[in-house]
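# Observations on the model geometry
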Amino acid sequence: MNRTIDLRSDTVTQPTPAMRKAMAEAEVGDDVYGEDPTVNQLEHRAAEILGKEAALFVPSGTMGNTIAIKLHTEHGQEVICDSRSHILDWELSMTAWFSGCLVRAVPTENGILHWEDIRRVLRSGGIHSSATGLIEIENTHNMAGGTVYPLEVLREIRGNARSAGIKVHMDGARIFNAAAASGTRVSQIAAEADTVMFCLSKGLAAPVGSILAGTDQAISSGRQYRKRLGGGMRQAGILAAAGLIALEEMPKRLAEDHHNASALASAAANLPGLKVSKPQTNIVMLDVCDTGIPAPDISRALKAEGVLMNSINPQTLRAVTHCDIWRRDVDRAIKLLAAVLDRRAAETHA
Ligand SMILES: *Cc1c(COP(=O)(O)O)cnc(C)c1O
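These numbers were taken from a predicted model, which means no experiment stands behind them.

### Remarks on helix α3 (residues 61-72)
A rise of 1.5 Å per residue sets the reference length of α3, with its 12 residues, at 16 Å; its end C-alpha atoms lie 17 Å apart and thus fit the reference within 8%. Along α3, 10 of the 12 residues are buried, which leaves the element largely enclosed by surrounding structure. Every buried residue belonging to α3 is among G61, M63, G64, N65, T66, I67, A68, I69, K70 and H72, and all of these are buried.

### Considerations on the site of the ligand
Around the ligand, the surrounding shell holds 13 residues, and the nearest of these are G61, T62, D171, R174 and K202. At 2.9 Å from an oxygen atom of the ligand is found a side-chain nitrogen or oxygen belonging to R174. One of the side-chain nitrogen or oxygen atoms of K202 is found 2.7 Å away from an oxygen atom of the ligand. Burial of the ligand by the protein amounts to 84% of the accessible area it has alone, namely 380 Å². By residue number, the principal contributor to the shell around the ligand is α3, which donates 3 residues. Across the shell around the ligand, the residue classes break down as 2 nonpolar, 6 polar and 5 charged.

### A closer look at the sheet that holds strand β12 (residues 310-313)
One open sheet accounts for 4 strands, arranged β9-β10-β13-β12; its pairing is antiparallel. Each end of this open sheet is capped by a strand with a single partner; those strands are β9 (275-276) and β12. Strand direction decides the pairing type here: β9 and strand β10 (residues 283-287), joined by 2 bridges, are antiparallel. Looking at β10, one finds that K275 is bridged to D287. Most of the contacts of helix α12 (residues 254-269) go to β10, to which it runs at about 10°, and overall it touches β9, β10 and β13 (316-320). Across the sheet, helix α13 (residues 295-304) is in contact with β12 and β13; its angle to β12 comes to roughly 170°.

### A look at unusual backbone geometry
Of note, the bond from N139 into T140 is cis; its omega dihedral lies within 30 degrees of zero at 0°. Mapped onto the elements, T140 comes out in the loop between β5 (132-138) and α7 (151-164). The phi angle at S93 is positive, at roughly 60°, despite the residue not being glycine. The class for S93 is partly exposed, based on a relative accessible area of 46%. Unusually for a residue other than glycine, A205 sits at a positive phi of about 75°. Along the chain, A205 falls in the loop between β7 (195-199) and β8 (210-214).

### Brief notes about the packing of aromatic side chains
With the rule as written, the count across this model stands at 2 aromatic pairs. On the numbers, 6.0 Å between centres and 85° between planes, the contact of F98 with Y225 is edge-to-face. Linking F98 in the loop between α5 (94-97) and β4 (102-106) with Y225 in helix α10 (residues 216-228), this pair joins segments that are 127 residues apart in sequence. F98 sits in the buried class, given a relative accessible area of 15%. Classification of Y225 as buried rests on a relative accessible area of 17%. When the centroid spacing of 5.1 Å and the interplanar angle of 75° are considered together, the rings of F176 and F198 count as edge-to-face. Of this pair, F176 sits in helix α8 (residues 175-182) while F198 sits in strand β7, and the two are 22 residues apart along the sequence.

What counts, and at which threshold
- Residues numbered from 1 in each chain as written.
- Predicted model: local features only at pLDDT ≥ 70, side-chain atom pairs only at ≥ 80, totals over all residues.
- Heavy atoms only, no water.
- Helix = DSSP H or I, 4+ residues; strand = E, 2+ residues; numbered from the N terminus.
- Expected span 1.5 Å × (residues − 1).
- Buried < 20%, exposed > 50% of the residue type's maximum accessible area, 1.4 Å probe, protein only.
- Near = heavy atom within 4 Å.
- Polar contact = N/O pair within 3.5 Å; in protein donor to acceptor, adjacent residues only side chain to side chain.
- Areas by Shrake-Rupley, 256 points an atom, 1.4 Å probe, with all protein chains shown as cover.
- Nonpolar A, V, L, I, M, F, W, Y, C, P; charged D, E, K, R; others polar.
- Pairing = 2+ DSSP bridges.
- Contact = heavy atoms within 4.5 Å.
- Axes fitted to C-alpha atoms, helices over the stretch in contact; angles between N-to-C directions.
- Phe/Tyr/Trp six-rings, centres within 6.5 Å; stacked < 30°, edge-to-face > 60°.

Written as structure tokens, this is what we have:
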């Protein structure tokens, strides 16, 4: 029996044996009182690694982004982001629901905003229009296929935003992938945003949790919003213990996921009717339009063969590599994908 090859997302990663051991042995306390030593250690190390004053352990990336947007904005302001952003499409309108802000979405080719794109939609406020309260950037960009912000693009955005008096929040759910792909220290990337959220629970394989990092002041207000949102966790050191291993050990191996994603992309690009561009990190977008088969149908057929790969729209499949996907899984997934396409082509021509 072959094991399931789960390429739906890097959220499916299982905690490593070292994580499970650390969780069992974690020293804990009541974190709402600030007394959980393991959570405190995780927050301290996360701030240090990101080069920020402070950090906050939150149950999810969505909560981290929600808190950050609330911190930087006032009700009725606008938040500028790319039009395929996670905050816009996958966070249940929390920008509107919790912060009372309008998302000002800017279309981009590859998820990467440039200052020029942002400048055009900036609003200074007044009697007829509400002011831009925040610029949000997603690095790596999930739905654009794991694209990475070049450091100079980030610097240009941050420099100009600062001059305009506008804060920048980075949805860095996969900031460690961005760092690994660009050979940059994560602190250099984080330096170009006022606050940064990243996920411990994706490619870094922790079972639960994300981090929001920023100034002491931002994080201390953030702690209050976390409690309001129901994110005040008690003996959360059990989770933070796994988070510490995710943070310290797992970034080292992300290059392997990127390598596997590249291998998957180049093999898939050779299949008839598939258009696949070279991935920058661990996310591969497969355009199946020219096969004439709807992406959800391919997804279903693959599932029957033990390969999980979601369709994100009628013509695109997304495959995400991670630590529980090995090179031989990639090879098998490609073989099965080729077989599914062959079979469907034969059926239509019969
Ligand atoms: C996964 C993800 C998040 C946060 O997701 P949660 O499931 O709430 O942890 C935020 N932004 C991006 C780009 C993501 O991929």
